[in-house]
Amino acid sequence: MSRNPTAELTNFFVAGINYKKTDTEIRGSFAIGPEQYDNILKLAAKYDVRDLFVLSTCNRTEIYGIADNPEQLVNLLCSQTQGSSELFNELAYRKNGLKALHHLFDVGAGLDSQILGDYEIIGQLRQAMKFAKERGFIRTLLERTLNQVLQSSKEIKNNTRLSDGTVSVAFAAVQYIRENIHLLSEKQILLLGTGKIGTITCKNLVDYLGTSHITLMNRTPEKAENLASVFDLRTASIENLTQEINNADILLVATNSSEPVIHFTDLENIKEKKLIIDLSIPCNVQKTVADLSNVTLIDVDGLSKLKDETLLRRAAEVPKARKIIQNHLSELMEWHEMRKHVPVLKLVKIKLQEIHGSPLFDQPVSEEPSFIYRDQKIQRVLNGMASKMRRENQRGCYYIEAINEFIAG
């Protein structure tokens, strides 16, 4: 695979699936955790992929990288997923070059999220970048691109109202409960899982529902106890899960398991009506639970269909966000164009150093050591040459001009 700057952009691909064509079950089969991510990076050389990172969230699984073709990336990704490369290829979108860059900027801004303006995505993108960079897979093009995406997202956050209001999936769960459950103050709520999503959900339950009838449960009991102490809530041991399910009117599942933790058999003999909201990807509530007549099961896709005035206000901010993205994308492309001139500039630098060392070159009188004076002068000439090349989009015609300027100066 060629590694020159022009080829790098041409060979920059994204291949991914998201909420637009897949449900939570399919996305769950392609979800990537830290262990799978690490394995993907270790196997990258085998698939002839050098630069890459993987973004896996409840809404999407995407692999970005530099390769000869997107199939290399797809096969590498799917070597670590439950889902097959054949299914992924059937459902996936593939973009390369400038279109891949546009897509990445849209993702970073929350314009491609299931809930418009979702600002959590930028934290997830930053973590994905950090994971790959620490292992040596984020090099010149990807690092510059990702930094530009982060800057663009920050400017959109600070200068538009695209992320104003609260419409995250965790809040949508609370909104659903508030609109569909009567006599809420009398209902018992069980929150299973107190990680990042569980913590956000817990805070929303307390802030917006005005109830303290909430029990927290986590496989690591200390996490549940720490969170419970903040909001003065009850905790229960995971060993008592069946009993707590029986007692609860509303069950929210925010666990991070690769397999369901709530099964059909856990609920088949229950007579009381229950609302179960599964916030996990992959789904952690067995799909057949929805077949029980006294159970209402809502997953991430169901929650994301909720619309309100906040989303309408956000939609009005999209043109402003796109203008900011275009400015940052133009800046990135200007940098990329300058990279094309690097080989010429390096040759000129070598030639100027040779001229300076020639006995025919008249050494000036200077208080600075000769090599410092030389390097300063050469850099000044190269900066001027680069500036002209950028403005007028020309290359070799400045070669002789730069040498003449160096000698004359």
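This report concerns the structure included in the present document.

The rules behind these values
- Residues numbered from 1 in each chain as written.
- Predicted model: local features only at pLDDT ≥ 70, side-chain atom pairs only at ≥ 80, totals over all residues.
- Heavy atoms only, no water.
- Helix = DSSP H or I, 4+ residues; strand = E, 2+ residues; numbered from the N terminus.
- Expected span 1.5 Å × (residues − 1).
- Buried < 20%, exposed > 50% of the residue type's maximum accessible area, 1.4 Å probe, protein only.
- Pairing = 2+ DSSP bridges.
- Axes fitted to C-alpha atoms, helices over the stretch in contact; angles between N-to-C directions.
- Contact = heavy atoms within 4.5 Å.
- Polar contact = N/O pair within 3.5 Å; in protein donor to acceptor, adjacent residues only side chain to side chain.
- Salt bridge = Lys/Arg side-chain N within 4 Å of Asp/Glu carboxyl O.
- Phe/Tyr/Trp six-rings, centres within 6.5 Å; stacked < 30°, edge-to-face > 60°.
- Lys NZ or Arg CZ within 6 Å of the ring centre and 35° of its normal.

### Comments concerning helix α6 (residues 98–109)
For α6, built from 12 residues, the straight-helix expectation of 16 Å at 1.5 Å per residue is met to within 8% by its first-to-last C-alpha distance of 17 Å. Where burial is concerned, most of α6 is hidden: 9 out of the 12 residues are buried. Taken residue by residue, α6 has A100, L101, H103, L104, F105, D106, V107, G108 and A109 as its buried positions. In the stretch just after α6, G110 is the one whose phi turns positive, near 85°.

### A look at the sheet that holds strand β2 (residues 52–56)
Pairing is antiparallel in the open sheet, where 4 strands are placed in the order β2-β3-β1-β4. The outermost strands of the open sheet, each flanked by one partner alone, are β2 and β4 (93–96). Pairwise comparison of adjacent strand axes, ignoring direction, gives a mean angle of 10° for this sheet. Pairing of strand β1 (residues 12–18) with strand β3 (residues 60–66) involves 7 bridges; the strand directions are antiparallel. Note that in β3 the partner of A15 across the bridge is I63. This element, helix α7 (residues 120–133), spans β2 and β3 of the sheet and lies at about 145° to β2.

### Examining the side chain of E8
Its place among the elements puts E8 in helix α1 (residues 5–10). Engagement of the side chain of E8 in a polar contact is seen with the side chain of R50, the distance being 2.9 Å.

### A few points about the pattern of salt bridges
Applying the stated criterion to the full structure yields 18 salt bridges. Across the pair K133 and E143 runs a salt bridge, and its minimum N-O distance is 2.6 Å. Highlighted residues: K133 in helix α7 and E143 in helix α8 (residues 140–159), separated in sequence by 10 residues. The partly exposed category is assigned to K133, whose relative accessible area is 40%.

### Overview of the packing of aromatic side chains
Scanning the entire structure with this criterion turns up 5 aromatic pairs. Note on Y37 and F131: the rings are 4.4 Å apart at their centroids and 15° apart in plane angle, and the pair reads as stacked. Of this pair, Y37 sits in helix α3 (residues 34–43) while F131 is found in helix α7, placing the two residues 94 residues apart along the sequence. Comparing Y37 with F131 shows no difference in burial state: the two are buried. Here the aromatic rings of F171 and Y208 are separated by 4.8 Å at their centres, their planes lie at 75°, and the arrangement is edge-to-face. With F171 in helix α9 (residues 169–180) and Y208 in helix α10 (residues 196–209), the pair connects residues that are 37 residues apart, well separated along the chain. Judged by relative accessible area, which is 7%, F171 ranks as buried. Positioned over the ring face of F131 is R135, at 3.6 Å from the centre of the ring. The cationic tip of K157 hangs over the ring face of Y119; the distance from NZ or CZ to the ring centre is 4.7 Å.

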